[in-house]
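# Inside the fold
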Amino acid sequence: MNDFVAWTGEPTDLSLALTGLHASRSYSVEGQTFRIPTREDYERALRESGAIGPNDHIVEHPQFVAAAQAHWHASGSNGCVFAAALSASRVDSGWETYVLQSPVVNAAVAAHAIDVLCRPRVAAPEAEVVSVLMPTADDADTIARLLSCLGALEHWDVRERGVEDVQGIGNVVLLGVRAEVELGHWAEVLGFGSFAGQGNTRLAPFTELAIRVKEPPRPRRDHRAYMAHIPMDLDKVEFGSWWHDTEQQRAARLGAAQDARAKGRVTFALEQGAWERIEGDEGMRNE
Amino acid sequence: MSSSRKRYNRSLFAVASGRTAEDLVALLLEEDIEMLIDARRAAADSDRLETLCAEAHTYYSPRPELAGLAENPRAEPDKHHAWAAAMAMRHRTCVLSDTQRVAEAIAQLVGLRIIDLDQSPTPIALTTV
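Residues numbered from 1 in each chain as written. Chains lettered and ligands numbered in written order. Predicted model: local features only at pLDDT ≥ 70, side-chain atom pairs only at ≥ 80, totals over all residues.

## Some thoughts on the overall build of chain B
The condition that has to hold: Starting at the N terminus, helices and strands are each numbered in turn, a helix being any DSSP run of H or I of at least four residues and a strand any DSSP run of E of at least two. Here exposure depends only on C-beta density: within 10 Å of a residue's C-beta, 20 or more other C-beta atoms make it buried, 12 or fewer make it exposed, and intermediate numbers make it partly exposed, the C-beta atoms being placed from the backbone. By the criterion used throughout, residues are in contact when their C-beta atoms, derived from the backbone, lie within 7 Å.
Check the secondary structure of chain B and you find 4 helices and 5 strands. Burial analysis of chain B (129 residues in total) assigns 33% to the buried set. Within chain B, contacts between residues separated by at least 24 positions form 73% of all contacts whose residues are at least 6 apart in sequence.

This is the structure:
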């Protein structure tokens, strides 16, 4: 656990500090424009409020990194009404956050550290989601190497889910990461971060692996476990309404063009070159 | 945005060995059980139970290691005991064993109450006239 700082707060912890938050990034889909805050926006707001020093960077403050990312989810930027509610009550929801303190210099070491972090949380009844934030892992090559190393570990599975030609970027490879949980199920891992090729609903300020660490309430023939299985205490009407709102949000923010890149089975959509550069590098996993 | 989310069970169901796999799974269905932990030392019908539970969308987990809890229920919990208790907190679970002491030891670890599946009331059927 020495590699990670655990954050046990709530996004509302930042309410005062973020009164001046201005979302500077925008994207438009079929005529509708959405604004989302960036890392720089959070950093600026924290400086202006005095929460961090005038020359400080947010990445030097793991607690603020975690709180800002939680705020981003809670504010609905990921398009999922369920995730927004869960992120707004992190402790109650069992959504745990761990911030990697050091840069990902050695991908194999970082992958091993993530595995060591997650294994006991799979067994812990109180943990529903484990988010691993990597505030300095901002380039596609680093993430590609990390995913490749994760995929080589016993309880992880990483595979290509397709390739898309994205205008202005070129070929983007869709990578799906799964983590083994209890009772023979494999949980889909969601990836966030501002990489070229990512769907709009994944453009979070910091790179994140959000790992569902529990099996579904009942066994599934396909052995899939995912975020929608998190207990929410909603009645059928509420659940239906939230589901409908999520579908609408998702469609509005992604459009048809980005739909495949932001599906639950897809963790990251990365430039294909980054993935190809690490493929066949047999020595990398033994760094 | 509820802050009173109910994520843990308060009860653990227990059932004694002795009935057919078909009868047992029918009982589990009546009580909406999500998971059957088979804590019998020897289970000749485990393949049949596994098949029937799969058809009933119920987890089936044979754990003969837990049978020892009957002899020493207050022993320091090992990984099997802790695993069963953690599962019982999250899933509506029934423990199948030769003696209820196994379920009691699991329940005690995390403060669950025991419900004997044989004595549990069947769900009330609501009908319209």
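## Thoughts on the interface of chain B and chain A
We apply this condition: Side-chain classes are defined by residue name, with Ala, Val, Leu, Ile, Met, Phe, Trp, Tyr, Cys and Pro counting as nonpolar, Asp, Glu, Lys and Arg as charged, and the others, Gly among them, as polar.
Listed per partner, the contact involves 18 residues of chain B and 14 residues of chain A. Residue assignment for the side of chain B that touches chain A shows that the elements contributing at least two residues are strand 3 (59–62) and helix 3 (79–90) of chain B. Among the elements that make up the side of chain B that touches chain A, the one with the highest residue count is helix 3 of chain B (4 residues). Residues of the side of chain B that touches chain A, tallied by class, amount to 7 nonpolar, 6 polar and 5 charged.

## Concerning the packing of helix 3 of chain B against helix 4 (residues 101–110) of chain B
All names here are of chain B. Filter applied, for reference: Axis angles are defined between N-to-C directions and span 0 to 180 degrees, where every axis is a line fitted to C-alpha atoms and, for a helix, only to the segment in contact. Each angle gets one of four labels, with under 35 degrees taken as roughly parallel, over 145 as roughly antiparallel, 65 to 115 as roughly perpendicular, and the rest as oblique.
Where helix 3 meets helix 4, the axes come as close as 9 Å, and the angle between the chain directions of the two elements is 70°. Relative to helix 4, the element helix 3 is oriented roughly perpendicular. Facing helix 3, whose interface residues are His81, Ala84, Ala85, Ala88 and Met89, helix 4 presents Ala105, Ile106, Leu109 and Val110. Grouping the amino acids of the contact of helix 3 with helix 4 by side-chain chemistry returns 8 nonpolar, 1 polar and no charged.

## Overview of unusual backbone geometry
Positive phi values are uncommon outside glycine, yet Asp233 of chain A reaches one of about 55°. Tracing the backbone shows Asp233 of chain A in the loop between strand 10 (224–225) and helix 7 (236–258). The exposure class of Asp233 of chain A is exposed, given the 12 C-beta atoms found within 10 Å. Despite not being glycine, His57 of chain B has its phi angle at roughly 55°, a positive value. Assignment of secondary structure puts His57 of chain B in the loop between helix 2 (46–55) and strand 3.

## So, the sheet that holds strand 2 (residues 35–38) of chain B
Backbone-to-backbone hydrogen bonds join strands into a sheet, with any given pair of strands oriented parallel or antiparallel. Residues and elements named next belong to chain B. The criterion, for reference: Strands qualify as paired when DSSP identifies two bridges or more between them.
Taking strand neighbours across the sheet as the criterion, the 5 strands line up as 3-2-4-1-5 in an open arrangement whose pairing is parallel. The open sheet has two free edges, formed respectively by strand 3 and strand 5 (113–116), since each of these has just one partner strand. Put simply, the sheet's adjacent strands are angled 25° from each other on average, direction ignored. The strands touched by helix 2 are strand 2 and strand 3; relative to strand 3, the strand with the most contacts, the crossing angle is about 160°.

## With respect to the environment of Glu279 of chain A
Residue and element names in this part refer to chain A. Inspection of the secondary structure assignment puts Glu279 in the segment after helix 8 (272–278). Assessed through the 12 C-beta atoms surrounding it within 10 Å, Glu279 is described here as exposed. C-alpha separation for the pair Glu279 and Ala74, spaced 205 residues apart in sequence, amounts to 36 Å.

## What to know about the confidence of the model for chain A
Let me state the cut-off plainly: Values of pLDDT, which run from 0 to 100, indicate the predictor's confidence residue by residue.
With 97% of its residues at a pLDDT of 70 or more, chain A has an overall mean of 93. Residue range residues 282–287 of chain A is modelled with pLDDT below 50. Its contacts to residues more than four positions away, or to other chains, number 8 contacts.

## Observations concerning the environment of Tyr60 of chain B
All names here are of chain B. Residue position: Tyr60 is located in strand 3. Taking the C-beta count within 10 Å as the criterion, Tyr60 has 21 such neighbours and is therefore assigned buried. Beyond its immediate stretch of four places on either side in the chain, Tyr60 contacts Leu36, Asp38, Leu49, Glu50 and Cys53.

## Details of the nonpolar core
To keep it simple, the criterion reads: Residues enter a nonpolar core if they are buried, belong to Ala, Val, Leu, Ile, Met, Phe, Trp, Tyr or Cys, and are joined to the set through C-beta atoms within 7 Å.
Leu146, Leu150, Leu175, Ile211 and Leu270 of chain A are the most contacted members of the largest nonpolar core, which has 78 residues in total. Here the element with the most residues in this core is helix 2 (residues 62–74) of chain A; it accounts for 8 residues. The residues contacting Ile211 of chain A, other than those within four sequence positions of it, are Cys118, Val129, Val130, Ala179, Ala187 and Val189 of chain A. Judged by nonpolar contacts, the second largest core, of 33 residues, contains Val15, Tyr60, Ile106 and Leu112 of chain B.

## Describing the pairing of strand 8 (residues 186–192) of chain A
Residue and element names in this part refer to chain A. Counting buried residues in strand 8 gives 7 out of 7 residues, a clear majority hidden from the surface. With burial as the criterion, each face of strand 8 is covered, one bearing Trp186, Glu188, Leu190 and Phe192 and the other bearing Ala187, Val189 and Gly191. Of the strand pairs in this sheet, strand 7 (residues 170–180) and strand 8 are connected by 4 bridges, and their pairing is antiparallel. Within strand 8, the residue paired with Ala179 across the bridge is Ala187.

## Focus on helix 1 (residues 21–30) of chain B
Residue and element names in this part refer to chain B. For the record, the criterion: In this description, the arc belongs to the directions extending from the helix axis to the C-beta atoms.
Every buried residue belonging to helix 1 is among Leu24, Val25 and Leu28, and all of these are buried. The buried residues of helix 1 occupy one face: seen down the axis, they fall within an arc of 95°. Projecting away from the buried face of helix 1 at angles above 90 degrees are the exposed residues Glu22 and Asp23. Those residues of helix 1 hidden inside the fold are in contact with strand 1 (11–16), strand 2, helix 2 and strand 4 (93–97). Among the residues trailing helix 1, Asp32 stands out with phi positive, at a value near 55°.

## Side note on the confidence of the model for chain B
Averaged over chain B, the pLDDT score is 89; the fraction of residues at 70 or greater is 88%. Both scores are available for the predicted complex, with the pTM at 0.91 and the ipTM at 0.86.

## Digging into the pairing of strand 9 (residues 207–212) of chain A
Residue and element names in this part refer to chain A. The buried fraction of strand 9 is high, at 6 of 6 residues. Taking every second residue as pointing to the same face, both faces of strand 9 are buried, with Thr207, Leu209 and Ile211 on one and Glu208, Ala210 and Arg212 on the other. As defined by bridge partners, strand 5 (residues 129–134) adjoins strand 9 across 6 bridges and the pair is classed as antiparallel. Residue pairing for strand 9: Ser131 is matched across the bridge by Ala210.

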